[in-house]
Amino acid sequence: MAKKKRLRLIAEMARKVRAYRELKSRPRESQKYALDYETMKRPLTGKMLPVLAWQDVRRESRLFSLMAGMRLFGVGRMFTRKSWLEEHSEPSYWHITKAKVDYTAENMDHGKAWGILTYKGKPEPEVKEVDKVMYHDWRLIPKYMEQQFKDFEPLPEPPVRYVPYPPLLRAMILAKQRKAGGSIKVEEPALPLSRDVHLNKDYFRRQEQERQQKEGTAV
């Protein structure tokens, strides 16, 4: 008969207390991402922001800095980022569906948000948490431009022309290339799905001769 395991109630309670104290001692979002705009350092960690980000930090806003002064904290509105506007011609934005504000922050400009991401004109099917809310490049999309962002139709995906080789055949091809070239850096082999056939006059002449041989000569 197996020995019954004895429950250590005091040890289990002590473990829960330690976990609770550790959870309570963690810095909040407002403390973790607080920033001294004169020195461009985070007081909690003492790390300085990259020099290239200073211009955006002084001119742009965080996501919750925009949402704090809005009705329902921006739920139902659309937000984009400066980097998306500069890098992509297709519209990329978040449609906010839920916001959880950190009320301990001085200006209530920290928290978590959830929404539907549309990246390069392609919306994702599920609601997920908005990332990089502490970045200083968020912008509110005006209501008169929301429909313009929504009406964009992405271009169809180009057909797949190449696929990777099977693992064993790939390893054999790479080993052969290294042995022949003697270089460590080799090109990744890819298997084409279609073959380009160049037709000339000789090809059509042979086809005609084969057809005549099969059908015979007309009398």
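Our structure's up above, just so we're on the same page.
Residues numbered from 1 in each chain as written. Predicted model: local features only at pLDDT ≥ 70, side-chain atom pairs only at ≥ 80, totals over all residues. Heavy atoms only, no water.

Undergrad: Where do I start with unusual backbone geometry in this structure?
TA: Phi is mostly negative for residues that are not glycine, and the peptide bonds are mostly trans. Positive phi outside glycine occurs at M108, with the angle close to 50°. Take M108: it is sitting in the loop between strand 2 (93-101) and strand 3 (111-119). The phi dihedral of K132 is positive, around 60°, even though this residue is not glycine. Relative to the helices and strands, K132 is located in the loop between strand 5 (128-129) and strand 6 (138-140). (Helix = DSSP H or I, 4+ residues; strand = E, 2+ residues; numbered from the N terminus.)

Undergrad: Please explain the nonpolar core as it appears in this structure.
TA: General note: in soluble globular proteins, nonpolar side chains tend to be found buried as a group. Of all hydrophobic cores here, the largest spans 17 residues; its most connected members are L63, M67, F79, W94, I96, A113 and V130. Mapped onto this core, the elements with two or more residues apiece are helix 4 (63-67), strand 2 and strand 3. Sequence-distant contacts of M67, that is, excluding residues within four places in its chain, are made with F73, G74, F79, I96, A99 and A113. (Core = buried A, V, L, I, M, F, W, Y, C linked by side-chain atoms within 4.5 Å. Buried < 20%, exposed > 50% of the residue type's maximum accessible area, 1.4 Å probe, protein only. Contact = heavy atoms within 4.5 Å.)

Undergrad: Just to check I follow, could you spell out a nonpolar patch on the surface for this structure?
TA: A cluster of nonpolar side chains, L168, L169 and M172, forms an exposed patch at the surface whose accessible area comes to about 320 Å². Inspection of the secondary structure puts M172 in helix 7 (residues 167-181). (Patch = residues over 30% accessible without salt bridge, like charges linked within 9 Å, V, L, I, M, F, W, Y side chains within 5 Å. Areas by Shrake-Rupley, 256 points an atom, 1.4 Å probe, with all protein chains shown as cover. Salt bridge = Lys/Arg side-chain N within 4 Å of Asp/Glu carboxyl O.)

Undergrad: In this structure, what is going on with the environment of R81? I would like to understand it.
TA: Structurally, the position occupied by R81 is in strand 1 (residues 78-81). Separated by twelve residues in sequence, R81 and Y93 place their C-alpha atoms 7.3 Å apart. A polar side-chain atom of R81 sits 3.2 Å from a polar atom in the side chain of D137. (Polar contact = N/O pair within 3.5 Å; in protein donor to acceptor, adjacent residues only side chain to side chain.)

Undergrad: Teacher, can you tell me more about the pattern of salt bridges here?
TA: When the charged atoms of two side chains lie near each other, side chains of opposite charge can form a pair. Enumeration according to the criterion identifies eleven salt bridges in this entry. Between K132 and D131 there is a salt bridge, and its shortest N-O distance comes to 3.7 Å. According to the relative accessible area criterion, D131 is partly exposed, its value standing at 40%. As a salt-bridge pair, R170 and E188 come within 2.5 Å of each other at their nearest N and O atoms. In this pair, R170 sits in helix 7 while E188 sits in the loop between helix 7 and strand 8 (190-192), placing the two residues 18 residues apart along the sequence. Judged by relative accessible area, E188 falls into the partly exposed class, the value being 46%.

Functional significance is not addressed by these values, which are geometric in nature.
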